[in-house]
Amino acid sequence: MSSKSGSSPKKRSLPQTTTSFPLARVKRIMKEDKDVIQCSNESVFLVSLATEYFLDYFAKKSFNQSQSEKRRTVTYKDIAKIVKDIDQLEFLSDVVPETVPLKKALQKQKEIKGLN
């Protein structure tokens, strides 16, 4: 059997069967939702795997942001910037708000107190 390019056929990779997160803990967290009565082992595995992929993406984007500012350390500012700039991460905007200088925060607090 010969291929057109002359190279050997690609090896198939085996499906991933383990995750970095302990599945029992993931299942416990999933069951904290009142709407979840039961969850299969397969669904727990998939949620764990999806979480790993999300955190990998999030960490890489954060690191790239810090590198673009010629730093090797990821700071809160980097994380807040990617949450603001990337539409898919907009759901985190309440959890990771953009930093506000103290002067502006105090000024805004005075304005709010003045309205009451």
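Above this text you will find the structure in question.
This one's a predicted model, so the numbers in the text were calculated from it and none came from an experiment. (Residues numbered from 1 in each chain as written. Predicted model: local features only at pLDDT ≥ 70, side-chain atom pairs only at ≥ 80, totals over all residues. Heavy atoms only, no water.)

Novice: Mind showing me how you'd approach the pattern of salt bridges here?
Specialist: Should their charged atoms come close, side chains of opposite charge can pair. On inspection of all chains with the given rule, the structure shows six salt bridges. A salt bridge links R71 to D78; the nearest nitrogen and oxygen atoms lie 2.6 Å apart. For R71, a relative accessible area of 24% translates into the label partly exposed. D78 sits in the buried class, given a relative accessible area of 0%. Put simply, E98 and K84 hold a salt bridge, and the shortest N to O gap is 3.7 Å. With E98 in the loop between α3 (76-85) and α4 (102-115) and K84 in helix α3, this pair connects stretches of sequence that are 14 residues apart. Under the relative-accessibility criterion, K84 is labelled exposed at 54%. Each member of the salt-bridge network shares a partner with another, and the members are E69, R71, K77 and D78. (Salt bridge = Lys/Arg side-chain N within 4 Å of Asp/Glu carboxyl O. Buried < 20%, exposed > 50% of the residue type's maximum accessible area, 1.4 Å probe, protein only. Helix = DSSP H or I, 4+ residues; strand = E, 2+ residues; numbered from the N terminus.)

Novice: Looking at this model, I keep getting lost on the side chain of S66. Mind explaining?
Specialist: With respect to the helices and strands, the residue S66 is situated in helix α2 (residues 41-68). For S66, a relative accessible area of 0% gives the class buried. For S66, the contacting residues outside a window of four places in its chain are R71, R72, T73, V74 and D78. (Contact = heavy atoms within 4.5 Å.)

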